[in-house]
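Given next are the chains, with one letter for each unit.
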Amino acid sequence: MKKFLYIILFYFAASNAIANQPKDWQLGFQEAASSSMREIVNFHDKLLLPIIIAISVFVLFLMVYACIRFRASRNPNPSTTTHNVAVEVLWTLIPCLILIVMAVPSFKILYKQDTIPKADVTVKAIGYQWYWGYEYPDENIIFDSYMIETKDLKKDQPRLLAVDNEVVVPVNKVVKVLITANDVLHAWALPSFGVKRDAVPGRINETWFKAEKVGTYYGQCSELCGIKHAFMPITVRVVTHEEYQEWLTGAKIKFAKEILEEDQFKKLASK
Ligand SMILES: [Cu+2]
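Parameters and conventions
- Residues numbered from 1 in each chain as written.
- Predicted model: local features only at pLDDT ≥ 70, side-chain atom pairs only at ≥ 80, totals over all residues.
- Heavy atoms only, no water.
- Buried < 20%, exposed > 50% of the residue type's maximum accessible area, 1.4 Å probe, protein only.
- Helix = DSSP H or I, 4+ residues; strand = E, 2+ residues; numbered from the N terminus.
- Pairing = 2+ DSSP bridges.
- Contact = heavy atoms within 4.5 Å.
- Phe/Tyr/Trp six-rings, centres within 6.5 Å; stacked < 30°, edge-to-face > 60°.
- Expected span 1.5 Å × (residues − 1).
- Bend = angle between axes of the 7 residues up to and from the residue.

Asker: Can you explain the pairing of strand S6 (residues 186-190)? Please cite residues and give values.
Answerer: Put simply, side chains in a regular strand alternate between the two faces of the sheet. Among the five residues of S6, five are classified as buried, and the element is accordingly described as predominantly covered. Because side chains alternate across S6, one face comprises the buried residues His186, Trp188 and Leu190, and the other comprises Ala187 and Ala189, equally buried. Inspection of the sheet shows S6 paired to strand S7 (residues 195-199) by five bridges, in the antiparallel sense. Counted as the bridge partner of Leu190 is Val195 from S7. The turn linking S6 back onto S7 is made up of four residues, and Gly194 within it adopts a positive phi angle of 65°. Pairing analysis gives two bridges linking S6 to strand S9 (residues 215-221), with the strands arranged antiparallel. Along S9, the bridge assignment pairs Ala189 with Gln220.

As structure tokens, then:
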């Protein structure tokens, strides 16, 4: 018994440590790391799930009741009733009301996700067959992000989720993500932030998130895009403001989109 308790305790401790990625035998959502994901989880757990359970239990009860109460042995002469206006009005009206009750909070969350607040950081994600390319348009940074093969994984790096160049963003800042694709449809999705948008060639979609906790978050391409669809994961590392500035300084050299010469700077400045 004691051993069993330890296993349970260990499981909870461990699940806290790797809260930002899928877990073995996981039920439900990954832990929320943004206000919009928290709203989605609340909406699902506190409104949708109780309604779904209540409807399932009610329908199951009706079926069992009808099977027992109206079985052939008990009803040698079946009823010939075909219509009942009151019941028909009820079974149309009640589902309508249930749908309205679900639609109101659902639209609220959708509209909130759709209205992008003033962005602190803008990141452009470009889907390729089969990896993601990223651009920080305001910082002159561009890089590609490939999945790390299983044999090259370091300790703590999850299989099929870790990438070589992660997206780095500051904590508690609004990050606007511009999403597009180069070849076929992809989708940029990050469960912990409640973000999922299609990446469509020739078109730019937008979404946003504000990560509330420092950590590494994993997502995946969520649109069947070809043979290696499962091997183009998304990794976002959320860091403190200071760490972000430090990363920017290094990334501007390592991932410079175009090298600006000093006199080019001067030319730009004089314009
Ligand atoms: Cu894809």
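Asker: Kindly report on the environment of Arg69, identifying the contributing residues and their values.
Answerer: Along the chain, the position of Arg69 falls in helix H2 (residues 35-69). For Arg69, a relative accessible area of 32% puts it in the partly exposed group. Each residue touching Arg69, except ones within four places of it in the same chain, is listed here: Arg74 and Asn75.

Asker: Which residues make up the packing of aromatic side chains, and what values do they have?
Answerer: Ring pairs (aromatic) are described by centroid distance and by the angle formed between their planes. Applying the stated criterion across every chain yields a total of 12 aromatic pairs. When the centroid spacing of 6.4 Å and the interplanar angle of 85° are considered together, the rings of Tyr65 and Phe70 count as edge-to-face. For Tyr65, a relative accessible area of 41% puts it in the partly exposed group. Taking 6.4 Å as the distance between ring centres and 80° as the angle between the ring planes, the aromatic pair formed by Phe143 and Trp247 counts as edge-to-face. On the criterion of sequence distance, the pair formed by Phe143 in strand S3 (residues 141-145) and Trp247 in helix H4 (residues 241-254) is long-range, its members being 104 residues apart. Among the aromatic residues, those joined into a ring-pair cluster are Tyr134, Tyr136, Phe143, Tyr244, Trp247 and Phe255.

Asker: Please set out H2 residue by residue, giving values where relevant.
Answerer: Compared with the 51 Å implied by 1.5 Å per residue over 35 residues, the 49 Å span of H2 between its first and last C-alpha is a close match. Taking the largest bend as the criterion, H2 deviates by roughly 35°, centred on Leu48, and proline Pro50 comes between one and four positions later. Listing the buried residues of H2 in full gives Ser36, Met37, Val41, Phe43, Leu48 and Ile51. On the buried face of H2, the contacting elements are helix H3 (85-114).

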